[in-house]
Amino acid sequence: MDRIRIVGGQRLNGTIPISGAKNAALPLMIASLLTDETLTLENVPRLRDVQQLFHILSNHGVDHSIEGKRNGQDGMTGQTVHLSARAIVDTTAPYELVSTMRASFWVIGPLLARMGEARVSLPGGCAIGTRPVDFFIEGLKGLGAEIDIDAGYVVARARKGMQGGRVVLPKVSVGATHTLLMAATLARGETVIENAAREPEIVDLARCLMAMGARIEGAGTSTIHVEGVSRLGGARHRVLPDRIETGTYAMAVATVGGDVLLEGASADLIEAPLALLAGAGVGVERTNSGVRITRNGHGLAPVDVTTAPFPGFPTDLQAQLMAMTTRADGVSHITETIFENRFMHVQELARLGARITLDGQRATIEGGAKLKGAPVMATDLRASVSLVIAGLAAEGETTINRVYHLDRGFERLEDKLGRCGAEIERISG
Ligand code: EPZ
């Protein structure tokens, strides 16, 4: 199993290209199930989750091809992918596939909408919490589906097709919003999704669906209206930049110091985290080509942050922020409100010397502790990258085991950081 070895203490200086967003690419790829024409996605990141979703979609009959390199492109340029679901040959998403990636459960929406049936394995728990699917089930029932749970599978039918309806989500859910949005595009009549997620990835999916012929209003607000159409066609769509990758590298620079241009990043997608960094004393500058992050000689002020759905501070940056606050001049507080068990990184950060105490969902971080390299274990995607950030700031050598978590969501992490002066390498095997 691969490991990442870091020798900490270097500042970061240079340019880091920001990839297409994993959490936009996944639902966009799933949207290919809605049409028998080709959906072309540009700027798709090279990630393990993307590979896994190709595999899952191909089980339903989706062909995919990846364009070869073009003039002027390098290994950091996003991929252009053609997805074609000419015929759906299987409406079952089996446990072996769904259990590897929760987002694959979302195929239930387009499969039901296009085929009138879907049998999708319950995704089960994961490292960050229980993550149930009750909102999906109730929402799809609200759009006319009949749903049973049978032997670990959600069995859904809509023999006469999906029917528009009004769905009120009990709590903001990104996945339920994506799924209901996709299902509603081919439903008869109007659907209203209330308390919808407002994340930029929802807006990106809606834009792509509209390019495919869907009629959607209000994506990016809490109320989304969808007027169903009888069929969708092909389209070409560019995946938006990854705001979590952007925030991660911004926090890495804030932690160790330096001057880095996050090329291709969009500051508009990540206002809350950037405002927080600026408030802590980090230089944040919007440029024509991205976002420039600097910290040279200035201290880091402590922060008090609570995670929240967009436009609030994202749970997907909570672990990285915690690594950063270990370097702050004072005591920081971080409260996690989205997932009940998203503090797996605390114990590992403590192995590097961080002083963190937990009280339920609230972490208190005493800044200024001297971090010292040690072997640590990656537990989930964002937790793993928080260990990378802490490793960059620690004195001596840190080895991060179970790197496959990082490969799920960070494209060429060691190359991107290495280009900016970090002493970081992947050790294979
Ligand atoms: C998406 O997960 C992201 N995944 C997550 O990113 C992200 O952490 C999360 O949204 C929150 O922003 C992708 O986009 C692929 P939710 P999702 O449904 O959709 C509860 C990463 O690191 N809930 O918005 O699964 C749920 O338990 C990943 O890239 C129910 O109770 O999250 C949670 O408390 C990890 N019942 C809350 O809602 C349901 O039926 C929000 O979860 C559905 C959700």
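Bear in mind that the values here come from a model prediction, so they are computed numbers and not experimental data. (Residues numbered from 1 in each chain as written. Predicted model: local features only at pLDDT ≥ 70, side-chain atom pairs only at ≥ 80, totals over all residues. Heavy atoms only, no water.)

1. Structural notes on the overall build of the chain
Along its length, the chain carries 14 helices and 24 strands. For 429 residues, the compact-globule estimate of 2.2 N^0.38 gives 22 Å, and the C-alpha radius of gyration of the chain, at 21 Å, lies within 12% of that figure. Principal-axis analysis of the C-alpha atoms places the extent of the chain at approximately 65 × 50 × 40 Å. Taken across its 429 residues, the chain has 57% of its residues classed as buried. Sequence-distant contacts, at least 24 apart, represent 74% of the contacts inside the chain between residues at least 6 apart. Element-wise, carbon and sulfur atoms account for 46% of the exposed surface of the chain, whose accessible area totals about 16,200 Å². Across the chain, 44 positive and 47 negative side-chain charges occur, with their mean positions spaced 1 Å apart. (Helix = DSSP H or I, 4+ residues; strand = E, 2+ residues; numbered from the N terminus. Rg over C-alpha atoms; globule rule 2.2 N^0.38 Å. Buried < 20%, exposed > 50% of the residue type's maximum accessible area, 1.4 Å probe, protein only. Contact = heavy atoms within 4.5 Å. Areas by Shrake-Rupley, 256 points an atom, 1.4 Å probe, with all protein chains shown as cover. Lys, Arg positive; Asp, Glu negative; His and termini not counted. Charge placed at Lys NZ, Arg CZ, Asp CG, Glu CD.)

2. Re helix 8 (residues 243–256)
For helix 8, spanning 14 residues, the distance from its first C-alpha to its last is 20 Å, which sits close to the expected 20 Å at 1.5 Å a residue. In terms of burial, helix 8 is a largely internal element, 14 of the 14 residues being buried. With a side-chain oxygen lying 2.9 Å from the backbone nitrogen of I244, the N-terminal cap of helix 8 falls on D242. Two residues or fewer after helix 8 comes G257, characterised by a positive phi angle close to 90°. (Expected span 1.5 Å × (residues − 1). Polar contact = N/O pair within 3.5 Å; in protein donor to acceptor, adjacent residues only side chain to side chain.)

3. A look at the domain arrangement of the chain
Splitting the chain by domain gives domain 1 (3–19 + 241–427) and domain 2 (22–238). A C-alpha centroid distance of 30 Å is found between domain 1 and domain 2. Contacts between the two partners involve 29 residues from domain 1 and, on the opposite side, 24 residues from domain 2. Carbon and sulfur atoms make up 53% of the surface buried where domain 1 meets domain 2, a total of about 2,200 Å² over both sides. Summed over the three residues of domain 1 that lose the most area to domain 2, namely F310, R408 and E411, the buried surface amounts to 29% of that side. We note a salt bridge from D49 to R408, for which the minimum N-O separation is 2.8 Å. Among the elements of the structure, helix 12 (381–393), helix 13 (404–409) and helix 14 (413–419) are those that each provide at least two residues to the side of domain 1 that touches domain 2. When the residues that make up the side of domain 1 that touches domain 2 are grouped by side-chain class, the tally is eleven nonpolar, four polar and 14 charged. (Domains from an automatic or database assignment. Buried area = accessible area lost by both parts, 1.4 Å probe. Salt bridge = Lys/Arg side-chain N within 4 Å of Asp/Glu carboxyl O. Nonpolar A, V, L, I, M, F, W, Y, C, P; charged D, E, K, R; others polar.)

4. Digging into the sheet that holds strand 6 (residues 92–93)
If you trace the four strands from one edge of the open sheet to the other, you get 6-7-9-8, paired in mixed fashion. Whereas interior strands pair on both sides, the edge strands pair on one side only; in this sheet they are strand 6 and strand 8 (146–150). Relative to strand 9 (residues 153–157), strand 8 is paired through five bridges, and the arrangement is antiparallel. By the bridge assignment, D148 is partnered in strand 9 with V155. (Pairing = 2+ DSSP bridges.)

5. Points about the nonpolar core
With 79 residues, the main nonpolar core has L34, F105, L140, M162, L181 and L209 as its most contacted residues. At seven residues, the largest contribution of residues to this core is made by helix 1 (residues 22–31). Listed in part, the 65 residues of the second largest apolar core include V291, I293, F343 and V376. (Core = buried A, V, L, I, M, F, W, Y, C linked by side-chain atoms within 4.5 Å.)

6. What to know about the site of the ligand
Around the ligand sit 24 residues, and of these D134, S173, D316, I338 and R382 come closest. S173 places a side-chain nitrogen or oxygen 2.7 Å from an oxygen atom of the ligand. G175 has a polar backbone atom sitting 2.7 Å from an oxygen atom of the ligand. Taken by itself the ligand offers 830 Å² of open surface, and the protein chains cover 90% of this. When contributions to the shell around the ligand are tallied by element, the ones reaching two or more residues are helix 1, helix 5 (134–142), helix 6 (174–185) and helix 12. Considering each element in turn, the shell around the ligand owes the most residues, three residues, to helix 5. Across the shell around the ligand, the residue classes break down as twelve nonpolar, four polar and eight charged. (Near = heavy atom within 4 Å.)

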